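Structure assessment
Read off the chains here:
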Amino acid sequence: MQQIARDALVKERVLGLVPTMGALHEGHLSLVREALRRCSPVVVSLFVNPKQFGPAEDFKKYPRALEADRAALEKLGVDYLFAPSAEEMYPKDFRTAVIVEGLGERLEGRSRPGHFRGVTTVVLKLFEIVQPRFAFFGRKDAQQLRIIRQMASDLNLDSEVVPCPIVREADGLALSSRNAYLKGGERRAATALYRSLDAARVAIEVGERDPVRILAALRRVVDSEPLVALDYAEIVDAETFERAMTLRRPVYLLIAARVGGTRLIDNALIEPEGEALRVSL
Ligand code: AMP
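First, a word on scope: everything that follows refers to the structure included in this document.

About the cut-offs
- Residues numbered from 1 in each chain as written.
- Predicted model: local features only at pLDDT ≥ 70, side-chain atom pairs only at ≥ 80, totals over all residues.
- Heavy atoms only, no water.
- Pairing = 2+ DSSP bridges.
- Helix = DSSP H or I, 4+ residues; strand = E, 2+ residues; numbered from the N terminus.
- Expected span 1.5 Å × (residues − 1).
- Buried < 20%, exposed > 50% of the residue type's maximum accessible area, 1.4 Å probe, protein only.
- Axes fitted to C-alpha atoms, helices over the stretch in contact; angles between N-to-C directions.
- Contact = heavy atoms within 4.5 Å.
- Right-handed = clockwise from strand over helix to strand, strands pointing away.
- Phe/Tyr/Trp six-rings, centres within 6.5 Å; stacked < 30°, edge-to-face > 60°.

Description of the pairing of strand β9 (residues 276-280)
Strand direction decides the pairing type here: strand β8 (residues 262-273) and β9, joined by 5 bridges, are antiparallel. The partner of Glu273 across the bridge, within β9, is Ala276. The antiparallel pairing of β8 with β9 creates a hairpin that spans 2 residues between the two strands, and Gly274 there sits at a positive phi of about 65°.

Below, the structure written as structure tokens:
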């Protein structure tokens, strides 16, 4: 992979990287299509990164579908699939970690200690190996996207981080490899995350500007769904990820919840647009 990356650099080709953990769905494939529009060659990495899972998390049972993933990527015309083993990525004497301070301690970082440290460490390794000019990430993982952008800027990486919109099922559920865990009634209950964000959007559209009241509208939807247990729901500044008191700057409305045994996240981006607010789900 490093040799391919070096050749692409020498030939001044615009290499694009889409980092994934595999079990690819339309969300991942939308990133791949965007990469194919802007870059050649395109590399998709597929690595279930043990370092970003907590000891009680789902590393072992995380869905793996290498052959189906390979077929889907081939069909789209992806140039390279990079699927290293855990032993190659983390030999026994591996000792380094990357920590982006201050952005990763709250929200996902608080609920999943060590998660972002695992993410930034593997993404920096992938960037070093693949040397992408552009790297594509989903806004579905908004805090991760913000942290990786910070890392790329702080460490003067030559890779530009490209954010991509959230891909949803017809009923609003954000696509996720973990949706495969949802059993029976949980699948329908899981739409409560989207429906709660949509309720917040409606509140904003009719003029609500108070984050506390917007979050109350969101919580009413989650609370009415017995199979869903809220982990957090917050409105945060899109840059600092600290709690936002107003909607005068771009903010994220972030939600994390458990549906049965499955932990899901979702978000909406709220941006001032003249006098109005644009809400992107
Ligand atoms: P993962 O395999 O879960 O690590 O995700 C790989 C990349 O795909 C990340 O940048 C995610 O943000 C992105 N992604 C996952 N689900 C979606 C989705 N529903 N819409 C857009 N991007 C997504």
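Next, the rest of the story.
Comments concerning helix α6 (residues 115-130)
With 16 residues, α6 should reach 22 Å at 1.5 Å per residue; the first-to-last C-alpha distance of 22 Å fits that figure. Burial analysis of α6 places 13 of its 16 residues in the buried class, which makes it a mostly covered element. The positive-phi residue at the C-terminal boundary of α6 is Gln131, with phi of around 50°.

With respect to the sheet that holds strand β2 (residues 42-46)
Adjacent strands of a sheet pair through backbone hydrogen bonds, lying either parallel or antiparallel. Overall, parallel pairing links the 5 strands, which are arranged β3-β2-β1-β4-β5 in an open sheet. At either end of the open sheet lies a strand with only one pairing partner, and these are β3 (80-82) and β5 (160-164). If you compare each strand with its neighbour and ignore which way they point, the axes differ by 25° on average. Each of β1 (16-20), β2, β4 (134-138) and β5 touches helix α2 (residues 26-38); the most contacted strand, β4, lies at about 155° to it. Each of β1, β2, β3 and β4 is contacted by α6, which is oriented at about 150° to β1, the strand it contacts most.

So, the pairing of β2
Taken across its 5 residues, β2 has 5 buried, putting it largely inside the fold. Residue alternation in β2 divides its side chains into two sets, Val42, Val44 and Leu46 and Val43 and Ser45, and both sets are buried. Handedness of the β-α-β unit built from β1, α2 and β2 comes out right-handed. For β2 and β3, the ladder comprises 3 bridges, and the chain directions are parallel. The residue of β3 that forms the bridge with Val44 is Leu81.

As for the packing of aromatic side chains
Taken as a whole and judged by the stated rule, the model has 6 aromatic pairs. Each ring, one from Phe47 and one from Tyr90, has its centre 6.1 Å from the other, and the planes form 45°; the classification is tilted. Within this pair, whereas Phe47 is found in the loop between β2 and α3 (66-76), its partner Tyr90 is found in the loop between α4 (86-89) and α5 (108-111), the two being separated by 43 residues in sequence. Taking the relative accessible area as the measure of exposure, Phe47 reaches 5% and is therefore buried. Geometrically, the ring pair formed by Phe53 and Tyr62 is edge-to-face, given 5.7 Å between the ring centres and 75° between the ring planes. Across this residue pair, the class does not change: Phe53 and Tyr62 are buried. Members of the aromatic cluster, connected to one another through ring pairs, are Phe47, Tyr90 and Phe94.

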